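Structure assessment
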Amino acid sequence: MTTTSVPTPAAAPTTEVVLEAEGLTKHFPVRRGVRDLFRPALHVHAVDDVHITLRRGRVTALVGESGSGKSTVARLLAQLFRRTAGDIRLRGESVTVRGGRRFRAYCRQVQMIFQDPFASLNPVHTVRYHLTRALRIHGRAGKTAADLEANLHDLLGRVQLTPPERYLDKFPHELSGGQRQRVAIARALGADPQVLLADEPVSMLDVSIRLGVLNLLRDLKERLNLGILYITHDIASARYFADETLVMYAGRMVEGGDSETVTQRPAHPYTRLLIESAPDPDRLQGDAHELAETTPVDRAGGEPPSLIRPPAGCRFNPRCVHVMPKCRTDLPPRFDLADGTGHWAACWLYENGAPATDVAPGSADDGDAAPAAGTDNGRVVKP
Ligand SMILES: Nc1ncnc2c1ncn2[C@@H]1O[C@H](COP(=O)(O)OP(=O)(O)OP(=O)(O)O)[C@@H](O)[C@H]1O
């Protein structure tokens, strides 16, 4: 019996840039009624001037509260949305595809995993159907029925659904949430991609199984040398799972760097707010008084701004406790924090190269902390 097992991608240097976007922008037109015909057209400024680089063998987390534009970035990178401006390069080559054969070729390399595995699998079809279809679409089903069966077994083995025979003929409703998400991941792997865009892949799963799915993704990253974009509300899980973390607020990137640095020494007042809002088991283990003394608190209040008329200057300025006149008028560029880790923040506080630890914690007002971004779902419990 000859079988064509699912091949392992060719070895590549782990830091090879596979997918990058520069100046990525998406403005959604606002639907208008007859009475608005003579008024200027309005747009939702969902994503503005985003730069992102995904490397093979690395997880990049994109963190921000609801409505900050994370899913839009993922859909732009997946070429599911037409971009308003910017460039997307796959292995250095600019790509714009709109359906058809070129879109399928792109999908073979860049696959998306969605938040809700139940919605992303067709309830009337079995696991076998979903995976066979993915293998056939991407020309990887093999030549014979035996090839196909071996490839199906291989895919299920990769997502640790073993023995495969137990799962192949099951319908989505016969599987747990975690098993369904593993099937969705197996289906994505059926294309033999180089990049996975995972849009909140664990936020709809029971807390107890989130870590297992994240560990699986990390294992796949290492074994298949995948570049992974991990979208989440939960900055604590980014620290655990991602190599690099980017923080997004109201459609713009505000901070980035290696995950340990961004989560342990956050520079942007918004990142500080996110971290303060997200209980981290490591921090919570400490004494409460000690915590209050050693952790800078930015008690910013308020709500994210309207993206139809976003604030001038820094979009976080209406909520920022460190706001300066310049923040209300001038858009801050990325300032390199010169700590040797590639850490940067788009915040005027760092205009003169002040180190990340120099932001005075005591300037917080006495208001309540802002609504917790990401405290409700998507959280991973560390072992
Ligand atoms: N198709 C669309 N048409 C108009 N506006 C849209 C569309 N899709 C998203 N938006 C708007 O773009 C902004 C960013 O949405 P997006 O879903 O990317 O945010 P998010 O950070 O992923 O939020 P969540 O975590 O809740 O999914 C929001 O204001 C949203 O209402």
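Summary of the structure given here.

Conventions and cut-offs
- Residues numbered from 1 in each chain as written.
- Predicted model: local features only at pLDDT ≥ 70, side-chain atom pairs only at ≥ 80, totals over all residues.
- Helix = DSSP H or I, 4+ residues; strand = E, 2+ residues; numbered from the N terminus.
- Buried ≥ 20, exposed ≤ 12 C-beta atoms within 10 Å, placed from the backbone.
- Contact = placed C-beta atoms within 7 Å.
- Pairing = 2+ DSSP bridges.
- Near = placed C-beta within 6 Å.
- Nonpolar A, V, L, I, M, F, W, Y, C, P; charged D, E, K, R; others polar.
- Core = buried A, V, L, I, M, F, W, Y, C linked by C-beta atoms within 7 Å.
- Axes fitted to C-alpha atoms, helices over the stretch in contact; angles between N-to-C directions.

Along the polypeptide, threonine 53 turns up in strand β2 (residues 43-55). Note on threonine 53: 17 C-beta atoms within 10 Å, which makes it partly exposed. Excluding residues that lie within four positions of it along the chain, threonine 53 makes contacts with Val17 and Glu20.

Taken across its 5 residues, strand β7 (residues 195-199) has 5 buried, putting it largely inside the fold. Burial along β7 is two-sided: Val195, Leu197 and Asp199 and Leu196 and Ala198, pointing in opposite directions, are all buried. With 4 bridges connecting them, strand β6 (residues 110-113) and β7 associate as parallel partners. For isoleucine 113, the partnering residue across the bridge sits in β7 and is alanine 198.

What follows covers the sheet that holds β2. The antiparallel open sheet is built from 4 strands, whose spatial order is β2-β1-β4-β5. With partners counted over all chains shown, the strands left at the sheet margins are β2 and β5 (93-94), one partner each. As paired strands, strand β1 (residues 17-29) and strand β4 (residues 85-90) are joined by 5 bridges and run antiparallel to one another. Following the sheet pairing, leucine 19 is matched in β4 by leucine 90.

A word on the pairing of β4. Two strands pair when backbone bridges link them, and β4 and β5 are joined in this way by 2 bridges, in the antiparallel orientation. Looking across to β5, one finds that arginine 89 is bridged to serine 94. The hairpin formed by β4 and β5 contains 2 residues between the paired strands, and arginine 91 there has a positive phi angle of roughly 45°.

What follows deals with the site of the ligand. As a structural note, the neighbourhood of the ligand is formed by Phe28, Val44, Ala46, Gly64, Ser66, Gly67, Ser68, Gly69, Lys70, Ser71, Thr72 and Leu307. A per-class count over the shell around the ligand returns 4 nonpolar, 7 polar and 1 charged.

Another point: the nonpolar core. Among the nonpolar cores identified, the biggest contains 91 residues, and Leu77, Leu197, Leu229 and Tyr230 are the most heavily contacted of them. Considering each element in turn, this core owes the most residues, 6 residues, to helix α7 (residues 177-189). Ignoring anything within four residues of it in the chain, the contact list for tyrosine 230 reads Val59, Thr60, Ala61, Ala198, Ala238, Phe241 and Ala242.

Here glycine 57 shows up in the loop between β2 and β3 (59-63). Taking C-alpha positions, glycine 57 is 9.0 Å from leucine 220, a pair spaced 163 residues apart along the chain.

Turning our attention to the sheet that holds strand β11 (residues 335-336). Strands sit in the order β6-β7-β8-β3-β9-β10-β12-β11 across an open sheet of 8 strands; the sheet is mixed. Each of the sheet's edge strands pairs with one partner strand only, and the pair in question is β6 and β11. Note that β3 and strand β9 (residues 244-249) share 4 bridges and pair parallel. Following the sheet pairing, threonine 60 is matched in β9 by glutamate 244. Its contacts with the sheet place helix α1 (residues 70-77) against β3, β6, β7, β8 (227-232) and β9, and it is angled at close to 155° to β8.

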